[in-house]
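Residue-level structural notes
This is what each chain is made of:
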Amino acid sequence: MENAPATKTNTFAANTPLAVMQNNISRQPITKQIMFLLAIAASIAVGGYVFMWSQTPSYQVLFSGMEAQESSEVANVLQQMQIDYKLDPTTGALLVPASEVQGLRLRLAAEGLPRSSAQGMEILSQEQGFGTSQFIEQARYQRAMEQELARSVSELQNVRSARVHLAIPKQSVFVRERKPPTASVVVNLYAGRTLERGHISAVTHMVAASIPNMKSSDVTVVDQRGNLLSQPERDSSMALSDTQLEFTQKLEQLYISRIEDILTPIVGMNGVRAQVVADVDFTVTEQTQESYNPDLAALRSEQLAEEERVGGFGPMGVPGALANQPPGGGVAPEQAAQENAGEDGETTTETVTPGSSSRRTTRNFELDRTISHSRLAPGDIRKLSVAVLVDEPTTTDAEGNVVTTPMSDAQMARINTLVMDAIGFNMARGDSLNVVSAPFVTPIEAEPLPGIPLWEQPWVWDVGKQVLGALVVLFLIFGLIRPAFRDLNKSPSKQLANQNGENTDEMSAEQALAASSKNGEDIAKLTTGSERVEQHLTNIRSLVQQDPALVAQVVKNWAASDA
């Protein structure tokens with residue numbers, strides 16, 4: 001009885017769950033032990049994989065169609081932002097978490113990414129091997145110019161990307177044989193965007209100004225749908241008509257905005273509609289006028305000529321033989337006597353010599369003359385026709401119904417006055433104004449756009465993955481691993497007793513040995529006493545090695561019976 005405490009301690013140690021599990025495992029064949037351990041390890045690995053898979057977010061393509069250089073730049077920026085990303089093994093596209101796609105696109109756009117991978121003048125800085133010909137150098141330069149022009153065209157707001165092709169012929173020393181260079185531009189526009197005529201003209205002039213001896217008419221612009229955007233030079237009259245129409249539309253829109261701005265505070269937002277038709281005179285008139293003022297005459301020059309001749313007439317006539325002949329007949333006296341009576345009655349005689357005198361005066365007067373040349377600018381307004389529609393105010397009656405109230409005459413007169421002052425109404429010009437008050441039709445509210453289905457939203461897939469991973473892990477734990485460990489924690493006697501419906505604690509030693517023995521021979525050898533003691537000890541040792549839990553239970557029962 002002295003060894004009873006030690007035996008009892010060993011019995012309790014043998015009955016611990018870990019010891020029972022070890023004994024149950026050790027009693028199995030080595031193949032089953034290995035399979036059991038592999039199954040446990042596989043279950044744990046599958047559970048860990050499913051858990052990690054459920055925690056991995058869904059990935060979407062960040063940018064499609066990027067070159068390798070662009071992808072490298074974007075990947076470096078993502079690393080600096082500490083954003084997880086993956087590369088699609090099939091397409092090589094960058095994949096980022098679906099919940100961060102839009103935010104990352106905005107942040108990368110602020111950084112100017114992705115950039116175009118096409119090289120411009122940078123291609124000239126690359127290393128050139130020995131033996132590079134002049135043709136290769138010229139081709140590299142032309143390629144660089146094309147890329148630089150494509151970059152410049154892509155800077156336009158409505159242009160997604162652009163390509164430029166230059167056709168620069170080799171110049172000849174003979175002027176007559178020289179050919180002008182030409183260019184073609186292919187623009188890829190954003191969806192729903194167009195290029196206005198002014199933008200197209202800007203593109204053609206920019207390309208033409210970048211290449212020597214190129215005219216803007218030699219530049220062709222085509223969009224991604226194959227539409228020719230750069231039309232050939234049209235008739236000047238047609239171009240002028242387009243300009244006049246554009247000017248008229250802008251003028252009409254200016255008057256409409258004036259009317260709406262001045263009436264909106266009165267009738268409210270969207271409570272007024274206005275249309276203006278302007279008759280504009282685009283006739284170019286030039287006139288020159290010259291006028292005189294006779295009241296403001298001024299003496300500009302005066303010429304006075306006096307001539308006096310005394311005595312004979314002298315030689316006269318045309319010089320010649322007849323003129324040199326002496327006159328015939330008598331000669332009149334050369335002097336004549338003239339008697340004059342004096343104051344004292346005396347008479348005096350004076351001799352008068354015959355002769356002639358003449359006087360001529362020429363005066364030039366300058367009158368006040370005005371010459372004016374005027375050119376009247378086109379765009380004079382001949383007539384304005386204005387129509388204004390004003391919404392009637394609405395009120396709510398006692399029953400809660402919305403009722404429209406027509407405007408009074410005073411209100412309409414006030415609106416007419418405001419509109420006349422806003423557009424510069426001129427009765428002498430023939431302007432017309434018509435203001436009408438009528439209730440507006442309430443617009444039908446458009447149906448809201450269908451929302452994204454619940455199963456197509458990124459967060460639903462993330463939650464579904466986590467729920468599925470949790471279910472798989474719970475199934476592995478409670479459906480496979482826990483039942484296996486629970487069976488291993490049962491002692492052989494309890495397992496057999498549970499199968500037979502008996503209580504193991506109330507079994508005797510012989511019953512326990514008989515229940516656990518495979519063939520009953522070991523129990524018979526211990527109880528009959530026909531064998532020798534050594535044989536009994538050998539049998540007991542072998543039994544202890546095969547099933548120590550059973551032996552511990554037998555010893556426990558013996559100690560209990562002795563007590």
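Residues numbered from 1 in each chain as written. Predicted model: local features only at pLDDT ≥ 70, side-chain atom pairs only at ≥ 80, totals over all residues. Heavy atoms only, no water.

Points about a nonpolar patch on the surface
A grouping of Leu454, Trp455, Trp459, Val463, Val467, Leu471, Leu474, Ile477 and Phe478 is seen on the molecular surface, where their side chains present a nonpolar patch of about 940 Å² in accessible area. Position of Trp459 relative to the elements: it lies in helix H10 (residues 458–488). (Patch = residues over 30% accessible without salt bridge, like charges linked within 9 Å, V, L, I, M, F, W, Y side chains within 5 Å. Areas by Shrake-Rupley, 256 points an atom, 1.4 Å probe, with all protein chains shown as cover. Salt bridge = Lys/Arg side-chain N within 4 Å of Asp/Glu carboxyl O. Helix = DSSP H or I, 4+ residues; strand = E, 2+ residues; numbered from the N terminus.)

As for the sheet that holds strand S6 (residues 219–223)
Strand pairing within a sheet occurs via backbone hydrogen bonds; the two strands may be parallel or antiparallel. Overall, mixed pairing links the 3 strands, which are arranged S4-S5-S6 in an open sheet. Where the open sheet ends on each side, the last strands, each with one partner, are strand S4 (159–167) and S6. Neighbour-to-neighbour, the strand axes of this sheet turn through a mean angle of 20°, independent of strand direction. Sheet topology note: the strand S5 (residues 182–189)/S6 ladder contains 5 bridges and is parallel. Across the sheet, residue Ser184 finds its bridge partner in S6, namely Thr220. Against the sheet, helix H7 (residues 197–210) contacts S5 and S6, and its axis sits at roughly 135° relative to S6. (Pairing = 2+ DSSP bridges. Axes fitted to C-alpha atoms, helices over the stretch in contact; angles between N-to-C directions. Contact = heavy atoms within 4.5 Å.)

Structural notes on the sheet that holds strand S15 (residues 432–438)
Strand order in this open sheet of 3 strands is S7-S12-S15, and the pairing throughout is mixed. A strand with exactly one partner marks an edge of an open sheet, and here the two such strands are strand S7 (272–281) and S15. Ignoring which end each strand starts from, the neighbouring axes of this sheet average 10° apart. Strand direction decides the pairing type here: strand S12 (residues 380–391) and S15, joined by 7 bridges, are parallel.

Some remarks on the pairing of S6
Of the two faces of S6, the one holding Val219, Val221 and Asp223 is buried and the one holding Thr220 and Val222 is not buried anywhere. In this fold, the crossover linking S5 to S6 by way of H7 has right-handed handedness. (Buried < 20%, exposed > 50% of the residue type's maximum accessible area, 1.4 Å probe, protein only. Right-handed = clockwise from strand over helix to strand, strands pointing away.)

Topic: unusual backbone geometry
Within the chain, Gln82 stands out as a residue other than glycine whose phi angle is a positive 60°. Within the secondary structure, Gln82 is located in the loop between helix H4 (68–80) and strand S2 (86–87). A positive phi angle, close to 60°, is found at Asn270, a residue other than glycine. Here Asn270 falls in the exposed class, since its relative accessible area comes to 55%.

Digging into the pattern of salt bridges
Inspection of every chain in the model, using the stated rule, returns 9 salt bridges. Note that Glu290 and Arg369 form a salt bridge whose closest N and O atoms lie 3.1 Å from each other. Of this pair, Glu290 sits in strand S8 (residues 285–310) while Arg369 sits in strand S11 (residues 355–376), placing them 79 residues apart in sequence. Exposure remark for Arg369: the relative accessible area of 48% places this residue in the partly exposed category. With a shortest N-O distance of 3.0 Å, Glu306 and Arg359 are connected by a salt bridge. You can see Glu306 sitting in strand S8 and its partner Arg359 sitting in strand S11, a full 53 residues away along the chain. Here Glu306 and Arg359 have matching classes, each one exposed.

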